[in-house]
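The residues making up each chain are set out below.
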Amino acid sequence: MADDTTRGTASFISEMGVLKRVARTGWWFTGNKAPESVAEHSFRVGVIGSVLAMMEGADPARVALMCLFHDSQETRIGDIAHIGRKYIRAAPNGEVTADQVANAHPAVRTGVQGAVDEYEAGTTAEAIVARDADKLECLVQAVEYREQGYSLTQNWIDTSLASLKTPSAKALANAALSMDSLQWQKNFLP
């Protein structure tokens, strides 16, 4: 492996660490001054995506890969709240990704770019599941924030629920809306 692509790949890895410090800014509108980071969101999107893929008969590994990188561009453009997108013309995510991986190992360039492009196109079964995972994670996070006292989360719940495509995502959303976020403990505690 050439030294320049090793350094480029290491640089990409370092850049992805920035996502641990990029806040999901839309939650500020609910009064939440310390919302989840993009990295925290992406982790759970990956878990949800894997689960949904298993339920829907899609490739869980491919879905998880797309989920992992679906918001990676936010190291460069930040998390732009939906209301702000009306006023800002950001580069397409695929273009940002191409710059992010430009100096990385060729296999990394191809793999990351392919995952982002597939997610953005939204046409494969895996991309549809990955997009549902993103929306379902937002819905679950909104429910959790509502439980924490942030009462202005209903719009996030409604828009996320309305955008779900797969039967499994819709079923999981309905289940999440019918229970509290600590239900998992009640399954195991007497």
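Note: the structure precedes this text.
Since the model is a prediction, treat every value here as computed from it, not as a measurement.

A. Summary view of the overall build of the chain. A tally of regular secondary structure across the chain gives 10 helices and zero strands. Counting helices and strands in the order they occur from the N terminus, the chain gives α-α-α-α-α-α-α-α-α-α. The globule rule puts the C-alpha radius of gyration for 190 residues at 16 Å, and the 17 Å found for the chain is close to it. For the chain, buried positions account for 43% of its 190 residues. If you take every contact in the chain between residues at least 6 apart in sequence, the share linking residues at least 24 apart comes to 65%. In the form shown here, the chain has an accessible surface area of approximately 10300 Å², with 60% of it arising from carbon and sulfur atoms. Charge centroids of the chain, computed over 18 positive and 23 negative side chains, lie 5 Å from each other.

B. Spatial organisation of the pattern of salt bridges. As enumerated under the stated definition, the model contains seven salt bridges in all. With a closest N to O distance of 3.5 Å, Glu 36 and Arg 24 form a salt bridge. Of the two residues, Glu 36 is situated in the loop between helix H1 (3–17) and helix H2 (38–56) and Arg 24 in the loop between H1 and H2; the sequence distance between them amounts to 12 residues. In this pair, the class of Glu 36 matches that of Arg 24, namely buried.

C. Up close: the side chain of Ser 37. As for its position among the elements, Ser 37 is in the loop between H1 and H2. When its relative accessible area of 7% is taken as the criterion, Ser 37 is described as buried. If near-sequence neighbours (up to four positions away) are discounted, Ser 37 is found in contact with Leu 19, Lys 20, Val 22, Ala 23 and Arg 24.

D. Inspection of the packing of aromatic side chains at higher detail. Going through the model one piece at a time under the given rule, you end up with four aromatic pairs. Aromatic pair Tyr 145 and Tyr 150: ring centres 5.9 Å apart, planes at 80 degrees, arrangement edge-to-face. Judged by its relative accessible area of 24%, Tyr 150 falls in the partly exposed class. Linked through ring pairs, Trp 27, Tyr 145, Tyr 150 and Trp 156 together constitute an aromatic cluster.

Here is what the cut-offs are and how they apply
Residues numbered from 1 in each chain as written. Predicted model: local features only at pLDDT ≥ 70, side-chain atom pairs only at ≥ 80, totals over all residues. Heavy atoms only, no water. Helix = DSSP H or I, 4+ residues; strand = E, 2+ residues; numbered from the N terminus. Rg over C-alpha atoms; globule rule 2.2 N^0.38 Å. Buried < 20%, exposed > 50% of the residue type's maximum accessible area, 1.4 Å probe, protein only. Contact = heavy atoms within 4.5 Å. Areas by Shrake-Rupley, 256 points an atom, 1.4 Å probe, with all protein chains shown as cover. Lys, Arg positive; Asp, Glu negative; His and termini not counted. Charge placed at Lys NZ, Arg CZ, Asp CG, Glu CD. Salt bridge = Lys/Arg side-chain N within 4 Å of Asp/Glu carboxyl O. Phe/Tyr/Trp six-rings, centres within 6.5 Å; stacked < 30°, edge-to-face > 60°.

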